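Coordinate analysis (summary)
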2 protein chains.
Amino acid sequence: MKLEYSHKLIIDNVSRFIDLTELEKQKYISLLTEIKVKKKAFLMQAGDITRFEYFITKGCLKVYTLDVDGAPHISMFAVEDYWTGDMASFITKQPSRYFIKAIEDSELLGISRANYDLLFQEIPKFERFYRILYQKSLISYIRRSNYGISLTAEERYIEFKKKYPHIVNRITQKDLAGYIGITPEFMSKIISKVNRM
Amino acid sequence: MKLEYSHKLIIDNVSRFIDLTELEKQKYISLLTEIKVKKKAFLMQAGDITRFEYFITKGCLKVYTLDVDGAPHISMFAVEDYWTGDMASFITKQPSRYFIKAIEDSELLGISRANYDLLFQEIPKFERFYRILYQKSLISYIRRSNYGISLTAEERYIEFKKKYPHIVNRITQKDLAGYIGITPEFMSKIISKVNRM
DNA sequence: TAAAAGTCTTAAACTAGTTCATTTTTTTTC
DNA sequence: GAAAAAAAATGAACTAGTTTAAGACTTTTA
């Protein structure tokens with residue numbers, strides 16, 4: 001079976017943790033929805049009940065909330081081969097507090113809540129896939145949940161550059177500040193300081 | 001089948017997400033190890049390769065790292081009916097950066113890495129249990145990973161009291177400071193301020 | 001391709017949280 | 001139940017990061 005690029009990408013991603021037969025691959029792909037979103041457009045907004053979990057096949061997006069003062073707090077940048085969405089809203093069917101906005105023209109594959117549930121009935125192996133995917137995400141979020149309180153802003157910036165070299169030059173300094181958790185002004189100071197070192 | 005208290009607790013916990021037959025329950029329990037740890041004793045220390053994932057049946061423990069200056073950063077307090085451990089070390093078999101120390105005399109059920117792997121072969125339903133358990137943990141860690149950078153220390157303290165009323169009076173102010181990410185001195189100030197309000 | 005909008009830089013005054021030092025209170029230990 | 005150890009409170013001097021404001025540079029849009 002010849003797969004188109006985006007389908008090959010997601011099958012390769014899934015195949016890191018579980019083996020699928022040709023029939024299962026086709027079944028899985030049939031449960032996905034193709035989505036395109038132009039630069040600056042929203043994939044979802046706060047107040048929405050999230051209908052999909054997303055896999056990015058092309059582009060770059062930011063996931064963020066607005067605090068009481070209207071300042072954005074970016075929780076992740078999602079690029080090719082990443083999974084994103086708002087799992088809390090997707091699972092609980094409660095309105096989301098997150099915005100997801102495209103930083104570049106982007107293409108995604110979405111799985112709806114109904115198809116996500118169906119997937120486990122049709123191909124129980126996916127319980128294992130998601131068990132391992134969530135386990136790996138959990139390991140990185142557990143680590144990250146301490147960053148904000150145990151590292152200085154400068155240390156967090158250096159960590160980000162080391163961990164995400166493929167992302168750092170696709171985003172603005174302002175958005176990076178929103179991720180690191182500081183003002184754009186202080187971000188500017190840190191970057192010029194670190195570059196001088 | 002009459003279960004002893006600690007086994008009943010863990011079976012009830014697992015049964016929130018999956019249904020087990022009597023035979024499966026017995027099989028599962030046979031894979032667990034009972035562990036007791038006295039107040040102030042370590043369940044594990046940085047440098048160890050974590051042998052178990054733990055379920056607490058009695059007591060209270062703190063999970064923490066030491067930063068370069070030797071200051072403790074507490075990542076969780078674990079009480080009855082909680083799961084804890086260092087998943088990164090457990091999965092990758094690399095040395096841990098965490099300490100787990102009992103705050104009260106505690107009793108736990110541990111599953112070894114070998115039995116964890118075996119469990120999925122013997123009772124594949126557990127892929128689903130862990131998929132859902134990790135999914136729920138992930139939802140709360142995703143939320144928490146933004147707390148450090150988007151809330152003030154006072155707001156984090158108020159959140160903690162609201163979310164963990166059953167824990168707040170079992171731990172010292174000093175340990176709470178280590179969790180909130182501030183000095184014990186500033187914690188003291190915040191608490192007296194919040195109580196005055 | 002010009003104007004508009006957004007991003008980046010710099011600097012001075014400010015605030016949340018730290019550090020260090022001392023005293024009081026509570027808990028642990030023998 | 002006394003002595004020792006640990007935790008909590010308080011205060012003064014300090015630092016990381018914010019706020020506000022203004023000008024320079026880049027990107028977007030018509």
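The shown structure was predicted, so the numbers you read here are calculated from the model rather than taken from an experiment.

With that settled, consider unusual backbone geometry. Glycine aside, residues mostly have negative phi angles, and peptide bonds mostly take the trans form. The backbone of A:Lys40 shows a phi angle near 75°, a positive value even though the residue is not glycine. Relative to the elements of secondary structure, A:Lys40 occurs in the loop between β1 (32-37) and β2 (42-44). Non-glycine residue B:Lys93 carries a positive phi angle of around 60°. Inspection of the secondary structure assignment puts B:Lys93 in the loop between α3 (87-92) and β7 (99-102). In this structure B:Lys93 comes out as partly exposed when scored by relative accessible area, which is 49%.

Attention shifts here to the interface of chain A and chain B. Tallying the contact residues gives 32 residues for chain A and 32 residues for chain B. Between chain A and chain B lies a buried interface of about 3,000 Å² when both sides are counted; carbon and sulfur atoms form 64% of it. When the buried surface of chain A facing chain B is broken down by residue, A:Arg131, A:Leu138 and A:Ile149 rank first, second and third, together holding 21% of it. Where chain A touches chain B, the interface holds four salt bridges. Between B:Glu127 and A:Arg128 there is a salt bridge, with the nearest N and O atoms lying 2.6 Å from each other. Between chain A and chain B we count 10 residue pairs in polar contact (both at pLDDT 80 or more) in total. Broken down by element, the residue count for the side of chain A that touches chain B peaks at 18 residues, all from helix α5 (residues 125-150) of chain A. A per-class count over the side of chain A that touches chain B returns 16 nonpolar, nine polar and seven charged.

A separate point is the sheet that holds β1(A). Within a sheet, each strand pairs with its neighbour through backbone hydrogen bonds, oriented either parallel or antiparallel. All names here are of chain A. Read across the open sheet, the four strands follow the order β1-β8-β3-β6; overall the sheet is antiparallel. Both outer strands of the open sheet, β1 and β6 (83-84), are each paired with one neighbouring strand and no more. Bridging between strand β3 (residues 52-58) and strand β8 (residues 106-112) involves six bridges; their strand directions are antiparallel. Across the sheet, residue Phe55 finds its bridge partner in β8, namely Leu109. Along the sheet face, helix α1 (residues 5-15) touches β1, β3, β6 and β8 and points at about 115° away from the line of β3.

Summarizing the sequence annotation, UniProt attributes the feature "domain: Cyclic nucleotide-binding" (unreviewed entry) to residues 16-120 of chain A in the numbering used throughout. Measuring from the first to the last C-alpha atom of residues 16-120 of chain A gives 18 Å, for a span that is 22% helix and 42% strand.

On to the packing of helix α8 (residues 173-180) of chain B against helix α9 (residues 184-196) of chain B, then. Residue and element names in this part refer to chain B. Viewed as axis vectors pointing N to C, α8 and α9 meet at an angle of 100°, and their least axial separation amounts to 9 Å. The orientation of α8 with respect to α9, classified from their angle, is roughly perpendicular. Along the contact surface, α8 presents Gln173, Lys174, Leu176, Ala177 and Ile180, while α9 presents Pro184, Met187, Ser188 and Ile191. Partitioning the contact of α8 with α9 into residue classes produces six nonpolar, two polar and one charged.

All names here are of chain A. With six of seven residues buried, strand β4 (residues 60-66) is to be regarded as a mostly interior element. Pairing geometry for β4 and strand β5 (residues 72-79), over seven bridges, is antiparallel. Each bridged residue has a counterpart across the sheet, and for Val63 the counterpart in β5 is Met76. As consecutive antiparallel partners, β4 and β5 are separated by five residues, and within that stretch Gly70 has a phi angle of approximately 85°, a positive value. Judged from the four bridges that link them, β4 and strand β7 (residues 99-102) form a sheet pairing that is antiparallel. Its bridge partner being in β7, Leu61 is matched across the sheet by Ala102.

For the match of chain A to chain B, the screw axis carries a shift of 0.0 Å, the RMSD comes to 0.0 Å, and the turn is 180°. Accordingly, the operation relating the two chain copies is best matched by a two-fold axis. Both copies contact each other with a shared surface, as 100% of the interface residues of chain A are interface residues in chain B too.

It is worth spelling out the pattern of salt bridges at this point. Throughout the structure, instances matching the rule amount to 28 salt bridges over all chains. B:Glu107 serves as the salt-bridge partner of B:Lys36, at 3.9 Å between the closest nitrogen and oxygen. Residue B:Lys36 is found in strand β1 (residues 32-37), and its partner B:Glu107 is found in strand β8 (residues 106-112); the two are separated by 71 residues along the sequence. Overall, the relative accessible area of 68% leaves B:Lys36 in the exposed class. The exposure class of B:Glu107 is partly exposed, given its relative accessible area of 27%. Through salt bridges that share partners, A:Glu80, A:Glu104 and A:Arg170 make up one connected network.

This brings us to the protein's contact with DNA strand D. Neighbouring DNA strand D are 16 residues; A:Lys39, A:Glu185, B:Gln173, B:Lys174 and B:Ser188 lie closest to it. For DNA strand D, the backbone portion of the atoms within 4 Å of the protein, that is sugar and phosphate, comes to 72%. Within the contact set of DNA strand D, a phosphate oxygen lies 2.8 Å away from a side-chain nitrogen or oxygen of A:Lys39. Elements that contribute at least two residues to the surface near DNA strand D include exactly α9 (184-196) of chain A together with α8 and α9 of chain B. Counted by class, the surface near DNA strand D contains three nonpolar, six polar and seven charged residues.

So, how was this worked out
Residues numbered from 1 in each chain as written. Chains lettered and ligands numbered in written order. Predicted model: local features only at pLDDT ≥ 70, side-chain atom pairs only at ≥ 80, totals over all residues. Heavy atoms only, no water. Helix = DSSP H or I, 4+ residues; strand = E, 2+ residues; numbered from the N terminus. Buried < 20%, exposed > 50% of the residue type's maximum accessible area, 1.4 Å probe, protein only. Contact = heavy atoms within 4.5 Å. Buried area = accessible area lost by both parts, 1.4 Å probe. Salt bridge = Lys/Arg side-chain N within 4 Å of Asp/Glu carboxyl O. Polar contact = N/O pair within 3.5 Å; in protein donor to acceptor, adjacent residues only side chain to side chain. Nonpolar A, V, L, I, M, F, W, Y, C, P; charged D, E, K, R; others polar. Pairing = 2+ DSSP bridges. Axes fitted to C-alpha atoms, helices over the stretch in contact; angles between N-to-C directions. UniProt positions renumbered as here; feature names shortened; annotations may be inferred. Parallel < 35°, antiparallel > 145°, perpendicular 65-115°, else oblique. Least-squares fit on C-alpha atoms with pLDDT ≥ 70 in both. Near = heavy atom within 4 Å.

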